Every structure is written in C-alpha cells, then in structure tokens.
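What follows is the residue order along each chain.
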Amino acid sequence: SDQFEGAYIFQADAFNILAGAAYTDVDREDTIYAEIEDPLVPFPIPVTDEIIDADSEDKRGYVYANIMLPSDVTVTLGVSYQDYEEDLYDLNETNPKFGVVWDVNDTLRLRGTYFEVMKPVLSSNRTLEPTQVAGFNQFFDDLDATRSKRYGVGADWRPREAVSLGAELTRRKLKSPAFDFAGDVTFDDRDEWTHRAYANWTPSSNWALSLEGVYDRFENDDDSPLAAIVPERVR
C-alpha cells in the first residue's frame, strides 16, 4: 500500500483552520480457503481455494475550523469528501463535522458533537486528519469503507489541580460492508453505544493514577449475511 497526505494549518487569534488531502492505493490479494469435516471421511474436504483481488483506491479531502466564540465557547465545523473504489463497489461520501466545547468556568467543561465518517484506507493506521472532534474519537478500527454517524455529550470536571473527573455518553450508527455467500457486497446496519466515566489523580510528579468504567452495547443487523460469525447482540 502507498499513502500520500498533506495538510495546511492556519492559525489566527479567534480561529484556526486545518485543510488537507490524502491518497491511498492498495494492491492486495486474499487467499480464501475453506473445508468441510465429515465424520465418515478420514480427511477434510476442500470446498474452495481461490485467490481474490482486493485492490482499493481511496481519495479524500477535508477542512476543519475551530472558532473561538465569546463566553469561552469553541465551535468546530468541518467537512470531508471521500471517493472510495474497490473491485466490487464504489462509494462517494460527503461527511459533515460539528463539535462544541464550553468552558463553563475554570474547573468545568461541557462537550457535544455530531459527525459522519467513512473509514479511510490507512497504510499504517496514521493520518494527518484530526482523529477527534470536541474530544470524541471519530476513527475506529472498522472495515475500510464503513460509514458511521456518531453523536454524544460529555463533561470534564477538575475540582482540584491534581484531580480530574469526567463522563461521556455516545452512540454510533454504522453501515459496515459484508459479503454474502454469493460473493456480493451488502452493508449491515449496526449500532454501538459507548458510555464511559473516568477519574484521574496525580498525587505527585512521579505518580499518576486512573480509574475508568465503560459500558459498551453492540447490535448487528438481524438480516446480516455474517450472522454465523458476527454476534447479534453484545453487551
């Protein structure tokens, strides 16, 4: 795989802008092998042994702006455009990004976000594009070309200089590529809820302690062709 990416950053007193573009080309072959074990036959029976080309090409551009408003409010506005091509399907997506951070006072910060993402092709899981909006992750280890919408709210509280507490409530709606038994591509509708609460304490310059609790809930498409290998519900 080859990945080329560049970005431009402009900083002013009341706002900053990051604009960039990326191109990734993947030359890939998958060897698919499956066999059946029959108690009446002393050896496995091969049912398929083939090589499938899984080449892909991913072109994307993006721009993000962080705007500092009065009353210590920072708004993030952004958009990305992505053109994904693979041997079996092509996708073109325009993804809006929105986030808001409000520093209520010196100790309390409130956050909210909504954004859409299509999982880019990354040669080594790295990119110059911002990986979070208002402190919420937007890139996950999904299958390439997975389209998702995520929205959430969060709060961060620092009652003392050495102590920070916080919580997030988020939901992600996904359309994930799946191959049926005929070799055609469908897109599973999946839902993920991720809620977390954390506490951090730095009692000295040599020690840092953290405690975190996470609630995860996953639901797969009831009609998924991958129902035999992907769980229907996980909590």
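Please refer to the structure higher up on the page.
Computed from a prediction, not measured in an experiment: that's the story for all the values here.

Participant: Mind showing me how you'd approach empty space enclosed by the protein here?
Facilitator: Rolling a probe over the atoms, with the probe sized like a water molecule, indicates the empty space that remains. Taken as a whole and judged by the stated rule, the model has three cavities of 30 Å³ or more. Considering only enclosed or pocket space, the largest cavity measures out at about 50 Å³ in volume. Lining the largest cavity are Arg60, Ser80, Tyr81, Gln82, Asn95, Lys97, Val117, Met118, Pro120, Glu129 and Phe139. If you list the elements that add at least two residues to the lining of the largest cavity, you get β6 (73-86), β7 (90-103) and β8 (108-118). Considering each element in turn, the lining of the largest cavity owes the most residues, three residues, to β6. Grouping the constituent residues of the lining of the largest cavity by class yields five nonpolar, three polar and three charged.

Participant: I tried to follow the pairing of β6 on my own but got confused; where do I start?
Facilitator: Within a regular beta strand, the side chains point alternately toward one face of the sheet and then the other, so they alternate between its two faces. Direction of pairing for strand β5 (residues 56-69) relative to β6: antiparallel, over a ladder of 14 bridges. Its bridge partner lying in β6, asparagine 66 is registered against threonine 76. Between β5 and β6, which pair antiparallel and follow one another directly, the connecting turn spans three residues, one of which, serine 71, has a positive phi of 65°. Across 13 bridges, β6 lies against β7 in antiparallel orientation. Bridged to threonine 76 within β7 is glycine 99. The hairpin turn running from β6 into β7, its antiparallel successor, is three residues long.

Participant: Looking at this structure, how should I read the packing of aromatic side chains?
Facilitator: One pair of aromatic rings is described through two measures. These are the centre distance and the angle between the planes. Overall, the coordinates contain five aromatic pairs when judged by the stated rule. Consider the rings of phenylalanine 10 and phenylalanine 15, whose centres lie 5.9 Å apart with planes at 35°: the pair is tilted. The class of phenylalanine 10 is partly exposed, set by a relative accessible area of 36%. On the accessibility criterion, phenylalanine 15 (31% relative accessible area) is partly exposed. Aromatic pair tyrosine 89 and phenylalanine 187: ring centres 5.6 Å apart, planes at 80°, arrangement edge-to-face. With tyrosine 89 in the loop between β6 and β7 and phenylalanine 187 in strand β13 (residues 185-204), the pair connects residues that are 98 residues apart, well separated along the chain. We note arginine 111 situated over the ring of phenylalanine 136; from NZ or CZ to the ring centre the distance is 4.6 Å. Taking the ring centre of phenylalanine 187 as reference, the NZ or CZ of arginine 147 above it sits at 4.6 Å.

Cut-offs and rules
- Residues numbered from 1 in each chain as written.
- Predicted model: local features only at pLDDT ≥ 70, side-chain atom pairs only at ≥ 80, totals over all residues.
- Heavy atoms only, no water.
- 1 Å grid on protein atoms, 1.4 Å probe; cavity = no way out; pocket = protein on both sides within 12 Å on 5 of 7 lines; lining within 4 Å.
- Points joined across faces, edges and corners; volume = space filled by probe spheres on them.
- Helix = DSSP H or I, 4+ residues; strand = E, 2+ residues; numbered from the N terminus.
- Nonpolar A, V, L, I, M, F, W, Y, C, P; charged D, E, K, R; others polar.
- Pairing = 2+ DSSP bridges.
- Phe/Tyr/Trp six-rings, centres within 6.5 Å; stacked < 30°, edge-to-face > 60°.
- Buried < 20%, exposed > 50% of the residue type's maximum accessible area, 1.4 Å probe, protein only.
- Lys NZ or Arg CZ within 6 Å of the ring centre and 35° of its normal.

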